[in-house]
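Examining the three-dimensional arrangement
Here is what each chain is made of, one letter per residue.
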Amino acid sequence: TLNVPSLVQKMSSERGYGNCVRSSSDPGRFVCNYAYCYSLHKSSRYNETAAAAIQSDVGADGDFCCTTVHSLFLHVPPFHVVDMKTQLTFVCDLMDLIQAELAKSRGRRR
């Protein structure tokens, strides 16, 4: 799983976004809630079926190759509140941190 508190802390402190970054367990209503719950359901189903199907696929180093799908919902403000360039930079910074977090956790499993 993703370490969301760590991502929030790093985005707030290390990446300089301050207190505009916070976690929540409430994705909102209607479309946001549906999109998040649907992505959780689909990623969970993929992870369950892929793990079983990929058990026979062994990598060159002898480890089982299995990609885990994660789901994360991100609320963003309208562009008149935070401009598009700032939001794109934020998303790129977040994706960099997520990639580093997943690479680090993958290294711990080996």
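The present account deals with the structure reproduced in this document.

Here is what the cut-offs are and how they apply
- Residues numbered from 1 in each chain as written.
- Predicted model: local features only at pLDDT ≥ 70, side-chain atom pairs only at ≥ 80, totals over all residues.
- Heavy atoms only, no water.
- Phe/Tyr/Trp six-rings, centres within 6.5 Å; stacked < 30°, edge-to-face > 60°.
- Helix = DSSP H or I, 4+ residues; strand = E, 2+ residues; numbered from the N terminus.
- Buried < 20%, exposed > 50% of the residue type's maximum accessible area, 1.4 Å probe, protein only.
- 1 Å grid on protein atoms, 1.4 Å probe; cavity = no way out; pocket = protein on both sides within 12 Å on 5 of 7 lines; lining within 4 Å.
- Points joined across faces, edges and corners; volume = space filled by probe spheres on them.
- Nonpolar A, V, L, I, M, F, W, Y, C, P; charged D, E, K, R; others polar.
- Lys, Arg positive; Asp, Glu negative; His and termini not counted.
- Salt bridge = Lys/Arg side-chain N within 4 Å of Asp/Glu carboxyl O.
- Contact = heavy atoms within 4.5 Å.

1. Digging into the packing of aromatic side chains
Under the definition given, this model contains three aromatic pairs. Between the aromatic rings of tyrosine 17 and phenylalanine 90, the centroid separation amounts to 4.8 Å while the plane-to-plane angle is 80°, which identifies the pairing as edge-to-face. Note that tyrosine 17 is positioned in the loop between helix 1 (4-14) and helix 2 (31-54) and phenylalanine 90 in helix 3 (residues 84-109), a separation of 73 residues in sequence. Note on accessibility: tyrosine 17 and phenylalanine 90 belong to one class, buried.

2. Notes on unusual backbone geometry
Phi at phenylalanine 30 is positive, roughly 55°, even though this residue is not glycine. Of note, phenylalanine 30 is situated in the loop between helix 1 and helix 2.

3. A short note on the layout of surface pockets
The gaps left among the atoms become clear once a water-sized probe is rolled over them. One number sums up the size of the largest pocket: a volume of about 820 Å³. Along the wall of the largest pocket there are 26 residues; nearest its centre are Cys20, Arg22, Leu74, His75 and Phe90. At the level of elements, helix 1 and helix 3 are the ones that each hand at least two residues to the lining of the largest pocket. For the lining of the largest pocket, the element with the most residues is helix 3, which contributes five residues. Classifying every residue of the lining of the largest pocket gives 18 nonpolar, six polar and two charged.

4. Quick look at the side chain of glutamate 101
Along the polypeptide, glutamate 101 turns up in helix 3. No salt bridge is formed by the buried glutamate 101; its nearest oppositely charged neighbour, lysine 104, is found at 4.2 Å. Not counting chain neighbours up to four residues away, the residues in contact with glutamate 101 comprise Asn3, Ser6 and Lys10.

Remember, this is a structural readout, not a statement about activity or role.
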